[in-house]
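The chain contents come next:
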Amino acid sequence: MPMTVVSGRFSPAFLPNCFSLSRLVTVKYAAQRRVFLVSRSAHASSVSVSVKTNSNVDSVIEKEEKKRGEKKILACPICYNSLAWISQPNGLIESAASGTQVQCNTCKRSYLGNETHLDLAVASGSKRYSEPMPLSTELFRTPLVSFLYERGWRQNFMWGGFPGPEKEFEMAKDYLKPVLGGNIIDASCGSGMFSRLFARSELFSLVIALDYSENMLRQCYELLNQEENFPNKEKLVLVRADIARLPFLSGSVDAVHAGAALHCWPSPSSAVAEISRVLRPGGIFVATTFIYDGPFSFIPFLKNLRQEFMRYSGSHMFLNERELEDLCKACGLVGFTRVRNGPFIMLSATKPS
């Protein structure tokens, strides 16, 4: 059986026992290219591998990537340097079958993919260490809430002025017009309601559905696979990560969307600062959340109540638009705009060019 290498994958298992000739195998990495010289004699029990740099191969692969419009964005969440694919999925579906694995080019930390997503949380793969998150975060990690999210939970947001996913998607599209055709992160994607809308629209070259909840990503995977003839599955990738420690290279992302998520983040400033870091100049951040102003402003000691609520729940309460504008400005984003409907607010801000 001849040895084959597909999409940068290489396995010695493809070498037959009688293989006696040397072969040059090119393997694609995120930050560098290498040529592996593989040899095995007919009577030897081991395979010898030497590594050489081949600038001609580098040039050919880089030209091919530019032709396809590929752009590397994944980074180690520890040191923020680029990740190399050890085995690379073809979008969503193959991530389960291929045993996806990536490794940091600098600190050599490895990250694995499972049947539904690529796990790029800092503590992923830890066998003994566990880190409990705030109550609001842990709530959405439960199987029950993850299952119910698109089966009644999200629909209740209409009482807070949310117009509904399809209308919110159309509103977000207006803000995202300058970056259409680029990549987008659907941050705190939940069960992937907007991730699927972004991918189905075919307006983006890559959609990354990102959440900290394993069960939400599992729901996202299952709901996606229930849709027949879903377009561009290869352009949708599921990633588990902490919103305050995004696994993307600085300045590599065209847009970040966060639907009904800002109030759930334990530290909105840490999260928006990370979003600002990964956005390219001219990149756009679009988010929706609740604001408790208007009639809520007459509640006595509201600020004190907010402090107690945030202390025990781990989520946040915004009391006016200026808080959100100041948050974006403090994190290096400009051009704050918003649309209101009662407590509902959709905001947009841009990374300065």
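This structure is a prediction, so every number in the text was calculated from the model and none was measured. (Residues numbered from 1 in each chain as written. Predicted model: local features only at pLDDT ≥ 70, side-chain atom pairs only at ≥ 80, totals over all residues. Heavy atoms only, no water.)

1. Observations concerning the sheet that holds strand 11 (residues 253–258)
The following threshold applies: Strands pair, by our definition, only if DSSP identifies at least two bridges between them. Elements are defined by DSSP. Helices are runs of H or I of four residues or more, strands are runs of E of two residues or more, and each kind is numbered from the N terminus. The contact criterion used is simple: two residues touch if any of their non-hydrogen atoms lie within 4.5 Å. In this analysis, axes come from line fits to C-alpha atoms, helices being fitted only over the stretch in contact, and the angle between any two N-to-C directions falls in the range 0 to 180 degrees.
Spatially, the eight strands line up as an open sheet ordered 7-10-9-8-11-12-14-13, and their pairing is mixed. The open sheet has two edge strands, strand 7 (118–119) and strand 13 (334–341), and neither has a second partner. Judged from the five bridges that link them, strand 9 (residues 206–211) and strand 10 (residues 236–240) form a sheet pairing that is parallel. Residue pairing in the sheet places valine 207 in a bridge with leucine 236 of strand 10. The sheet strands contacting helix 10 (residues 321–330) are strand 12 (279–290), strand 13 and strand 14 (344–350), and the helix crosses strand 13 at an angle near 155 degrees.

2. Points about helix 8 (residues 268–278)
As a reminder, the rule being used: Between buried and exposed lies partly exposed: a residue is buried under 20% and exposed over 50% of the maximum accessible area for its type, with that area taken using a 1.4 Å probe on protein chains only.
For helix 8, the buried fraction is high: eight of the 11 residues fall into the buried class. Taken together, the buried positions of helix 8 are occupied by Pro268, Ala271, Val272, Glu274, Ile275, Ser276, Arg277 and Val278. For helix 8, the elements touching its buried residues are strand 11, strand 12 and helix 10.

3. Description of the pairing of strand 12
In regular strands, side chains alternate between the two faces of the sheet. For clarity, the cut-off: A crossover counts as right-handed when, viewed with the strands pointing away from the observer, the path leading from the first strand over the helix to the second turns clockwise.
Most of strand 12 is tucked away, with 10 of its 12 residues classed as buried. Bridge count between strand 11 and strand 12: five bridges; the pairing is parallel. Across the sheet, residue alanine 258 finds its bridge partner in strand 12, namely alanine 287. Crossover handedness for the path strand 11 to helix 8 to strand 12: right-handed. Relative to strand 14, strand 12 runs antiparallel, the two sharing seven bridges. Residue pairing for strand 14: alanine 287 is matched across the bridge by leucine 347.

4. What to know about the side chain of threonine 289
Note the cut-off: We call two N or O atoms a polar contact when they sit within 3.5 Å, provided that within protein one can donate a hydrogen and the other can accept it, with sequence-adjacent residues counted only if both atoms are side-chain atoms.
By secondary structure assignment, the location of threonine 289 is in strand 12. A polar contact is formed between the side chain of threonine 289 and the side chain of histidine 263, at a distance of 2.8 Å. Setting aside its immediate chain neighbours within four residues, threonine 289 contacts Phe162, Leu262, His263, Phe318, Leu324, Pro343, Phe344 and Ile345.

5. Structural notes on the confidence of the model for the protein chain
Worth spelling out the cut-off: What pLDDT conveys is the predictor's confidence in a given residue, as a value from 0 to 100.
Mean pLDDT over the protein chain stands at 79; residues scoring 70 or higher make up 74%. Every residue in residues 1–70 is under pLDDT 50, and counting partners more than four places away or in other chains gives 107 contacts. Note on residues 90–98: pLDDT is under 50 here. Beyond four places in sequence and across chains, it has 28 contacts.

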